[in-house]
Protein chains: 2
Amino acid sequence: MYIVAEPIQRVIDALVQLPGIGPKSASRLAFHLLRAPADQVQELASAIGELKANIVYCRRCQNLTTTDPCAICSDRNRDVRLICVVEEPLDVVAIERTGAFRGLYHVLHGVINPVEGIGPDDLRIGALLDRARVEAPAEILIATNPTMEGEATGMYLARLLHPLGIRVTRLARGLPMGGDLEYADEVTLSRALEGRRDI
Amino acid sequence: MYIVAEPIQRVIDALVQLPGIGPKSASRLAFHLLRAPADQVQELASAIGELKANIVYCRRCQNLTTTDPCAICSDRNRDVRLICVVEEPLDVVAIERTGAFRGLYHVLHGVINPVEGIGPDDLRIGALLDRARVEAPAEILIATNPTMEGEATGMYLARLLHPLGIRVTRLARGLPMGGDLEYADEVTLSRALEGRRDI
């Protein structure tokens, strides 16, 4: 016997699997949805249901996109001689929000993390090197998170890219160590973009 | 142009409408879903999509249920001479979890709140009075939240129920004022059930 009705329990069970949502929050959300307008609930359901259907990786920058190449890589007004390397798609959003960067991106989809068993081959590093050889950009800006793993991944990339004769830079300090790039405010992130230095 | 792909933005837009989920949490959840197994994401979508389809109010206790009467009202082992009045379906879950209550419930679906324009007619109070007359329980235990509105609603119900010759009780103190019944721990809630007093 379910204490709460089965369709409600089913939503709770599905929600508790999401990060940061415990059993109490899941219950609250489920009962909120029961009271919410039907079209709003259906929109949430179908948005989630259709999320993965049309998403592909951009063959150039490896970002998630509905068009390949993505809108940023297809934009003729971007500076193709500057590539910014980030860990995750959300980092692209954070940097775009500053309006202070007009180059292209390359999304690694993670960082090197031996503890979790994530090595260079698990990331889009091969694609970055191929791209660096073919496109020969003037500069590659490493914008990994200011964490142990982010810094180590940046140093690793710099060692691979230097032999190609490409200037490799990193975001200026100003980002607090141990923090997360995605949560940086626009001003801090803008200053870090302006003050980037050679490594 | 979307900075994040449209299907992702659509999920973010739908999630930020939920209580307690801001733009950053919504983004995190959307990208988490992108990486999650397809069947888990589809289960979440269909659970939400089918949430409202088969839910009805139990004609007896007014709780949300897939069967009418609900599983608790249909249970021959419950004490039909004791009715516990709660604000919301989640409060039933909280009390059931203690294992310390074997009576039936009545769900008001809110409290009297003049500031928000919620009067007695907006709640399942008429159904409670009809039920009290027909079923003539020995005791009605008011288990509204220990808030201003919850207490006022309890006093209002006691005034209506006393003329019917029914013993009206409330949960013992032990619940912190201004708190929320749903978040009380099992021990505190069990003590409050045991120590209920006449009003």
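1. Considerations on the interface of chain A and chain B
Next up, step 1: Listed per partner, the contact involves 56 residues of chain A and 55 residues of chain B.
Next up, step 2: Roughly 5,300 Å² of surface becomes buried between chain A and chain B when both sides are summed, with 70% attributable to carbon and sulfur atoms.
Next up, step 3: Between the two partners, chain A and chain B, sit six salt bridges.
Next up, step 4: Summed over the shared surface of chain A and chain B, the result is 12 residue pairs in polar contact (both at pLDDT 80 or more).

2. A closer look at the pairing of strand β4 (residues 103–107) of chain B
Residue and element names in this part refer to chain B.
Next up, step 1: Within β4, five of the five residues are buried, which leaves the element mostly enclosed by the surrounding structure.
Next up, step 2: Both strand β3 (residues 79–86) and β4 contribute to a ladder of five bridges, which runs parallel. Bridging across to β4, D79 finds its partner in G103.

3. Things to note about the packing of helix α1 (residues 6–15) of chain B against helix α2 (residues 23–35) of chain B
Residues and elements named next belong to chain B.
Next up, step 1: Between α1 and α2, the shortest axis-to-axis distance is 8 Å and the interhelical angle comes to 135 degrees. Accordingly, the angle class assigned to the pair α1 and α2 is oblique. As α1 runs across α2, the sense of the crossing is right-handed. From α1, I8, V11, I12 and L15 reach across to α2, where they touch P23, A26, S27, L29, A30, F31, L33 and L34.
Next up, step 2: Considering only residue class, the contact of α1 with α2 consists of 11 nonpolar, one polar and no charged.

4. A word on the confidence of the model for chain A
Next up, step 1: This prediction gives chain A a mean pLDDT of 90; 94% of its residues lie at or above 70.
Next up, step 2: Across the assembled chains, the prediction reports ipTM 0.74 with pTM 0.73.

5. A short note on the nonpolar core
Next up, step 1: Within the largest apolar cluster, 52 residues are counted, with the highest numbers of intra-cluster contacts made by I8 and I48 of chain A together with I8 and I48 of chain B.
Next up, step 2: Going through the elements one at a time, α1 (6–15), α2 (23–35), α3 (38–49) and α5 (89–98) of chain A together with α1, α2, α3 (38–49) and α5 (89–98) of chain B are the ones with two or more residues in this core.
Next up, step 3: Contacts of I48 of chain A, omitting those with residues within four sequence positions, involve V11, L33, V41, L44, A45 and I48 of chain B.

6. Some words on the environment of R167 of chain B
Residue and element names in this part refer to chain B.
Next up, step 1: Position of R167 relative to the elements: it lies in strand β6 (residues 167–170).
Next up, step 2: Sequence-wise, R167 and C58 are 109 residues apart; in three dimensions their C-alpha atoms are separated by 24 Å.
Next up, step 3: For R167, the side chain forms a polar contact with the side chain of E139, separated by 3.4 Å.

7. What about α3 of chain A?
Next up, step 1: For α3 of chain A, spanning 12 residues, the distance from its first C-alpha to its last is 16 Å, which sits close to the expected 16 Å at 1.5 Å a residue.
Next up, step 2: Looking at α3 of chain A, one finds that the buried residues are V41, L44, A45, A47 and I48 of chain A. Here the buried residues of α3 of chain A occupy an arc of 165 degrees about the axis, which is enough to place them on one side.
Next up, step 3: Those residues of α3 of chain A hidden inside the fold are in contact with α2 of chain A together with α1, α2 and α3 of chain B.

8. Topic: the domain arrangement of chain A
Next up, step 1: Splitting chain A by domain gives domain 1 (6–54) and domain 2 (78–170).
Next up, step 2: Computed from C-alpha atoms alone, the centre-to-centre distance between domain 1 of chain A and domain 2 of chain A is 35 Å.

9. Focus on the side chain of E139 of chain A
Residue and element names in this part refer to chain A.
Next up, step 1: Topologically, E139 is positioned in strand β5 (residues 139–142).
Next up, step 2: A relative accessible area of 9% means that E139 is categorised as buried.
Next up, step 3: Here the side chain of E139 touches T169 through a polar contact of 2.9 Å, side chain to side chain.
Next up, step 4: Not counting residues up to four positions away in its chain, the partners in contact with E139 are R81, L82, I83, I166, R167, T169 and R196.

10. A short note on the relation of the copies chain A and chain B
Next up, step 1: Once chain A has been moved 0.0 Å along the axis and rotated by 179 degrees, it coincides with chain B to within an RMSD of 0.1 Å. The transformation relating the two chain copies, once decomposed into turn and shift, fits a two-fold axis. Nearest to the rotation axis, the C-alpha of A45 of chain A is located 2.3 Å from it, this being the minimum over chain A.

11. Some remarks on the state of the cysteines
Next up, step 1: All chains considered together, the criterion is met by zero disulfides over all chains.
Next up, step 2: In this model C73 of chain A remains outside any disulfide bridge; the closest cysteine sulfur is found in C61 of chain A, 3.8 Å from its own.
Next up, step 3: Judged by its relative accessible area of 9%, C73 of chain A falls in the buried class.
Next up, step 4: This cysteine, C84 of chain B, is not joined by any disulfide, and C61 of chain B carries the nearest cysteine sulfur, 11 Å off.
Next up, step 5: Since its relative accessible area comes to 0%, C84 of chain B is described here as buried.

Here is what the cut-offs are and how they apply
- Throughout this description, residue numbers start from 1 for each chain and increase along the sequence as written.
- Note on labels: chains are lettered from A, ligands numbered from 1, in written order.
- With the structure being a predicted model, the display of local features is reserved for residues of pLDDT at least 70 and the display and counting of side-chain atom pairs for 80 or more, all residues being used for whole-chain, interface and lining totals.
- Side-chain calculation: all heavy atoms of the structure are included, whereas hydrogens and water are not.
- Pairs of residues are marked as contacts when any of their non-hydrogen atoms sit within 4.5 Å.
- Here the quantity called buried area is the total loss of accessible area, with a 1.4 Å probe, experienced by two parts when brought into contact, counted for both.
- The salt bridge definition used is simple: a Lys or Arg side-chain nitrogen within 4 Å of an Asp or Glu carboxyl oxygen.
- In the analysis that follows, any N or O atom pair within 3.5 Å is treated as a polar contact, provided that within protein one partner can donate a hydrogen and the other can accept it, and provided that, for residues neighboring in sequence, both atoms belong to side chains.
- Summary of the burial criterion: residues with accessible area below 20% of their type's maximum are buried, those above 50% are exposed, and those between are partly exposed, where the area comes from a 1.4 Å probe applied to protein chains only.
- A run of DSSP states H or I qualifies as a helix once it reaches four residues; a run of E qualifies as a strand once it reaches two. Both are numbered from the N-terminal end.
- Criterion used throughout: strands pair if DSSP finds at least two bridges between them.
- To get an axis, fit a line to the C-alpha atoms, keeping to the stretch in contact for a helix; angles then go from 0 to 180 degrees between the N-to-C directions.
- Oblique is the label for any angle not under 35 degrees, not over 145, and not in the 65 to 115 range, which are roughly parallel, roughly antiparallel and roughly perpendicular in turn.
- Left-handed describes a crossing in which the near helix is turned anticlockwise from the far one by less than a right angle; the clockwise case is right-handed.
- In this classification, the charged set is Asp, Glu, Lys and Arg, the nonpolar set is Ala, Val, Leu, Ile, Met, Phe, Trp, Tyr, Cys and Pro, and all remaining amino acids, among them Gly, are polar.
- For every residue, the predictor assigns a confidence score, pLDDT, that lies between 0 and 100.
- Joining through side-chain atoms within 4.5 Å is the link that ties buried Ala, Val, Leu, Ile, Met, Phe, Trp, Tyr and Cys residues into a set, and such a set is a nonpolar core.
- Each helix should span, by expectation, one fewer than its residue count multiplied by 1.5 Å.
- Here, the arc refers to the directions that run from the helix axis to the C-beta atoms.
- The domain limits used here are those given by an automatic or database domain assignment.
- For the least-squares superposition of copies, only C-alpha atoms count, and only for residues with pLDDT at least 70 in both.
- Any pair of cysteine sulfurs within 2.5 Å is marked as a disulfide.

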